Amino acid sequence: MRLRNIQGARDAIADSPLVIHEPEKAKGNWREIFGNGNPVRIEIGMGKGKFIHELAGKNPDVNYVGIEKYSSVLLRALQKMEAEPRENLLFIRMEAEEIAEVFADGEVDRIYLNFSDPWPKDRHAKRRLPSREFLARYDRILKKDGVLEFKTDNRELFDFALEELAPAGWEAVFVTRDLHHDENKMETNVMTEYEEKFSLKGNPIYKYEIKR
């Protein structure tokens, strides 16, 4: 279960120069914010930031933005940055529904969704990050040839995500129901905290890569 109530988390985030505090003003201006013209890639629901922090370290010529709505979880990502700074990584504390208000059309090179909340009740389907409603938002901000990557250990959520592709006008370019037994993909796979935990339990990890 995610931490949500660490005392002082909101104050620490408010004081951090690594957090974009008025993200709506960043829309269309990410090159200026990072001070270069490198591609911008985002992780929505980044948790404690292990995945995106490691990616930023491996790819210094790419700019990364980690998005998380829980202050106490985002605080953990900031602590990682204090221990190992990354000049190409910034954060936003926000709800995912507002993503198109923060990035301009075609401003994002790649989107990562990792172990998203499954929202298991049918009435909450629109809140699932791989839903057609969210795919419409991603369609706006992702560049024409951009790719979205999604990983989960939840079979029902993965099946739902695959069913949403055609109605939303997307297509899969890669699908696996057992990522950790795909030698080629594992050569470049960066694991999240959840992925490490679930794979150690023997849970298969599902993944797709999609495009329009």
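Above this text you will find the structure in question.
Computed from a predicted model, the values in this text were never measured in an experiment.

## Let's talk about the layout of surface pockets
Logical step 1: Counted as a void, the second largest pocket has a volume near 310 Å³.
Logical step 2: Residue lining of the second largest pocket: 21 residues in total, with L55, E149, T188, N189 and V190 positioned closest to the centre.
Logical step 3: At the level of secondary structure, the elements contributing two or more residues to the lining of the second largest pocket comprise α3 (50–58), β4 (108–114), β5 (142–152) and β7 (206–211).
Logical step 4: The residue inventory of the lining of the second largest pocket, partitioned by class, reads seven nonpolar, four polar and ten charged.

## What about the environment of I111?
Logical step 1: As for its placement among the helices and strands, I111 is situated in strand β4.
Logical step 2: Sequence separation between I111 and R123 is twelve residues; the distance between their C-alpha atoms is 25 Å.
Logical step 3: Once you skip the residues sitting within four places of it in the chain, I111 turns out to touch I42, I44, Y138, I141, L142, V147, L148 and E149.

## Considerations on the packing of aromatic side chains
To describe a pair of aromatic rings, you give the distance between the ring centres and the angle between the ring planes.
Logical step 1: In total, this model carries ten aromatic pairs according to the counting rule given.
Logical step 2: A ring pair is formed by W30 and F34, whose centres lie 6.1 Å apart and whose planes are at 35°; its orientation type is tilted. Of this pair, W30 and F34 both sit in helix α2 (residues 30–34), four residues apart, roughly one helical turn.
Logical step 3: A relative accessible area of 0% means that W30 is categorised as buried.
Logical step 4: Residue classification places F34 among the buried residues on the basis of a relative accessible area of 12%.
Logical step 5: A ring pair is formed by F158 and Y208, whose centres lie 6.0 Å apart and whose planes are at 40°; its orientation type is tilted. In this pair, F158 is assigned in helix α6 (residues 155–168) and Y208 in strand β7, connecting sequence segments 50 residues apart. Of the two residues examined, F158 and Y208, each falls in the buried class.
Logical step 6: Three or more aromatic residues joined by ring pairs form one cluster here, namely F150, F158, Y206 and Y208.
Logical step 7: The ring of F160 is capped by R128, whose NZ or CZ atom sits 4.5 Å from the centre of that ring.

Conventions we followed
- Residues numbered from 1 in each chain as written.
- Predicted model: local features only at pLDDT ≥ 70, side-chain atom pairs only at ≥ 80, totals over all residues.
- Heavy atoms only, no water.
- 1 Å grid on protein atoms, 1.4 Å probe; cavity = no way out; pocket = protein on both sides within 12 Å on 5 of 7 lines; lining within 4 Å.
- Points joined across faces, edges and corners; volume = space filled by probe spheres on them.
- Helix = DSSP H or I, 4+ residues; strand = E, 2+ residues; numbered from the N terminus.
- Nonpolar A, V, L, I, M, F, W, Y, C, P; charged D, E, K, R; others polar.
- Contact = heavy atoms within 4.5 Å.
- Phe/Tyr/Trp six-rings, centres within 6.5 Å; stacked < 30°, edge-to-face > 60°.
- Buried < 20%, exposed > 50% of the residue type's maximum accessible area, 1.4 Å probe, protein only.
- Lys NZ or Arg CZ within 6 Å of the ring centre and 35° of its normal.

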